[in-house]
Amino acid sequence: MSVWEKLYSEKVSTLRPSPIREMLHVIRQPGMISFAGGNPDPQSFPVDLFYESASILKEQGKDVLQYGTTEGYSPLKSFLCSWLKPRMGRAIAEDELLITTGSTQVVDLLCWAILDKGDLIITEEPTFVGTALTMHNHGAQFLTIPCDANGMLVDQLPEKIEKALSQGKRIKFIYTIPNFHNPLGCTMSLERRKKLVEIANKYGIAILEDDPYAYIRFEGEDLPTLFSLDQSGLVVHACTFSKILAPGTRVAWAVGNKEIIRKMAIFKQGIDLCSSVVAQALVYEYCRKGHLDSYLPNIVDHYRKKRDNMEECLKKYLPLEEVSWVKPMGGFFYWLEMKNLKTADLYEKALQKKVAFVPGESFYPNQNGGKNCFRMCFTFASPSDMDEGIKRLGEAMKELLKS
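None of the values given here were measured: they were computed from a predicted structure. Sequence order as written defines the numbering, with residues in each chain counted from 1. Only residues with pLDDT of at least 70 get local features here, since the model is predicted, and only at 80 or more are side-chain atom pairs given and counted; chain-wide, interface and lining totals rely on the full set of residues. Where side-chain values are given, they derive from all heavy atoms of the structure, hydrogens and water being excluded.

Student: Describe the environment of Ser403, with residues and values.
Tutor: Its location among the elements puts Ser403 in the segment after helix 16 (383-402). In the analysis that follows, any N or O atom pair within 3.5 Å is treated as a polar contact, provided that within protein one partner can donate a hydrogen and the other can accept it, and provided that, for residues neighboring in sequence, both atoms belong to side chains. Reaching out from Ser403, the side chain makes a polar contact with the backbone oxygen of Leu400 at a distance of 2.7 Å. In this description a helix means any DSSP run of H or I spanning at least four residues, a strand means any run of E spanning at least two, and both kinds are numbered starting from the N terminus.

Student: Lay out the sheet that holds strand 8 (residues 235-240) with the relevant residues and their values.
Tutor: The strand order 2-9-8-7-6-3-4-5 describes an open sheet built from eight strands, whose pairing is mixed. Among the strands making up the open sheet, the edge pair consists of strand 2 (97-101) and strand 5 (151-152). In the sheet, strand 2 pairs with strand 9 (residues 251-255) via five bridges, with the strands oriented antiparallel. Bridge pairing in strand 9 places Ile99 opposite Trp253. A pair of strands is labelled paired if DSSP reports no fewer than 2 bridges between them.

Student: Now, about a nonpolar patch on the surface: what can you tell me, with residues and values included?
Tutor: Candidates for patches are residues over 30% relative accessible area with no salt bridge; among them, like charges are joined within 9 Å and nonpolar side chains (Val, Leu, Ile, Met, Phe, Trp, Tyr) within 5 Å. Only the protein chains shown count as cover for residues, with accessible areas throughout obtained via the Shrake-Rupley method and a probe of 1.4 Å. Whenever Lys or Arg places a side-chain nitrogen within 4 Å of a carboxyl oxygen from Asp or Glu, that contact is recorded as a salt bridge. Judged by side-chain polarity, Val3, Trp4, Leu7, Tyr8, Val12 and Leu15 come together as a nonpolar surface patch covering roughly 660 Å² of accessible area. Tracing the sequence through the fold places Trp4 in the segment before helix 1 (19-22).

Student: I'd love a proper account of the pairing of strand 7 (residues 206-210), names of residues and values included.
Tutor: Most of strand 7 is tucked away: five of the five residues are buried. When accessible area is computed with a 1.4 Å probe and restricted to protein chains, residues below 20% of their type maximum are described as buried, those above 50% as exposed, and intermediate ones as partly exposed. Neither face of strand 7 is open: one carries Ala206, Leu208 and Asp210, the other Ile207 and Glu209, and all of them are buried. The sheet contact formed by strand 6 (residues 171-176) and strand 7 spans four bridges and is parallel. Residue pairing in the sheet places Ile174 in a bridge with Ile207 of strand 7. With the strands aimed away from the viewer, a crossover counts as right-handed if its path from the first strand over the helix to the second runs clockwise. The β-α-β motif built from strand 6, the intervening helix 10 (residues 190-203) and the parallel element strand 7 has right-handed crossover chirality. Relative to strand 8, strand 7 is paired through four bridges, and the arrangement is parallel. By the bridge assignment, Leu208 is partnered in strand 8 with Val236.

Student: Quick rundown of unusual backbone geometry? Include the residues and the values.
Tutor: A cis amide bond links Glu125 with the next residue in sequence, Pro126, at an omega value of 5°. Of note, Pro126 is situated in the loop between strand 3 (120-125) and helix 8 (129-137). Residue Pro183 is reached from Asn182 by a cis peptide bond, and omega for that bond is 20°. Position of Pro183 relative to the elements: it lies in the loop between strand 6 and helix 10. The phi dihedral of Phe180 falls on the positive side, at around 55°, and the residue is not glycine. The topology assignment puts Phe180 in the loop between strand 6 and helix 10.

Scope: geometric values only; no functional claims are made or implied.
Structural data, given as structure tokens:
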């Protein structure tokens, strides 16, 4: 027994590591082509434009280098309240917005505020492994709803909610990624968005709308946010600068009813005092100079070309009679489903050929699916690596099919 064994909390016994983070030692092997991590392409980072923002340190350094308010850097909050108006459907008051250290912190703070051990969270199945781990580590249990090309099958919600309530379960919130879902790549239809909000209001269940990819749309029209469709204040909307500027800023935000935002801010006081004021100020200056709006189309166009390149490579190299997918209209990911192959077998064969992806089982919060599915990120790999990596993946599939 180690010296720490008798000191561990109860939570350690159910702790789950992130499978994606655990893969880093594999992904970083020499010669490995990775489609695993959901990383933005460094070539898309507006380095020179962001560097200009550093002037704020010279001009306002004595304030920026000091502790900040937990709720966030006021100039950035003011900018976001105005900038978000089209997507939020109305002007946002500053006490309805909280700056966070990454959007996963929004999930963490909401769990601190409303979740007790054993409470249920409704999620899509599959769902993003990172946020599911955060919920799990807070003691959540999961009630899962399958998806199709139009997102969560919300018609299944009433029956499953009624059954859970009849068993004495407490359902605290519905977690959804409505736009360019991670890992599925699908987008929730307008009809389902309206119905989801209606059902949540009927049962008094909150909604956490995780929307990190909303601004990375390649075609089609933007759909209303769940926040904008809700009149009761039950929706908390989360978004981030990670995909539209750079993840290294670690600047994100939550929008919601001022009561829940206040509770989340109080918990944040005891977690990190405040998000980096330096990072917030640099992001604000970048936005103030107009770079966010002027450069964002370049990022979207860059990723559209990458999406198209992956689509072409998948069709070129994979055995199309064996694998299927939905072409994403935005975001970062493809979700591939196989008819006859097991993902575990393909994963081992692919690693032998120096190609990495994330097995589908990782995205099932109750660990009961995804054995023939996997996620591929199209944003990070260079065009030449993408072509070579998917070629190797196709070879691995064909070899397994022959064996």
